[in-house]
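# Architecture at a glance
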Amino acid sequence: MVIVNAIIKPSQGNEKKVEKILRSLIPKVEKEERTLIYDLYRSKSEPCTFFFYECYPDQQALDSHSAQPYLQELGGRLEGLLREDNFVEVFELLDRIQK
């Protein structure tokens, strides 16, 4: 299992534009067969901070997701709208409790 955590922080005044762009990804990603979870969150303590939690069965599924044209175009759509302290981390699941 491969997990992706992405923190996206719009620059001041661009919060609504960035939210709209990020939300536009959801119906597209929903059509991807091997994306298990693709959740978009907004921070309660810092409302202009967005967080993606993504789950894929393996690295190949993540690679397929990352190669989608709408994700390849995402950087250009967000250009000039974000702060510098955004990041993406990829994790490998080691253990789990699921109830």
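First things first, this report covers the structure right here in the doc.

What counts, and where the lines are drawn
- Residues numbered from 1 in each chain as written.
- Predicted model: local features only at pLDDT ≥ 70, side-chain atom pairs only at ≥ 80, totals over all residues.
- Heavy atoms only, no water.
- Salt bridge = Lys/Arg side-chain N within 4 Å of Asp/Glu carboxyl O.
- Helix = DSSP H or I, 4+ residues; strand = E, 2+ residues; numbered from the N terminus.
- Buried < 20%, exposed > 50% of the residue type's maximum accessible area, 1.4 Å probe, protein only.
- 1 Å grid on protein atoms, 1.4 Å probe; cavity = no way out; pocket = protein on both sides within 12 Å on 5 of 7 lines; lining within 4 Å.
- Points joined across faces, edges and corners; volume = space filled by probe spheres on them.
- Nonpolar A, V, L, I, M, F, W, Y, C, P; charged D, E, K, R; others polar.

### Re the pattern of salt bridges
Scanning the entire structure with this criterion turns up six salt bridges. With a closest N to O distance of 3.3 Å, D85 and K9 form a salt bridge. Linking D85 in the loop between helix 4 (74-78) and strand 4 (87-92) with K9 in the loop between strand 1 (2-8) and helix 1 (15-30), this pair joins segments that are 76 residues apart in sequence. Among the residues examined, D85 registers a relative accessible area of 33% and is labelled partly exposed. Owing to a relative accessible area of 15%, K9 belongs among the buried residues under this scheme.

### Here's the deal with the layout of surface pockets
Taken as a whole, the largest pocket spans an internal volume of roughly 360 Å³. In terms of lining, the largest pocket is formed by 20 residues, of which the most central are A6, E54, L71, L74 and V88. Elements supplying a minimum of two residues to the lining of the largest pocket: strand 1, strand 3 (50-56), helix 2 (59-66), helix 4 and strand 4. Here the lining of the largest pocket is composed, by residue class, of 15 nonpolar, four polar and one charged.

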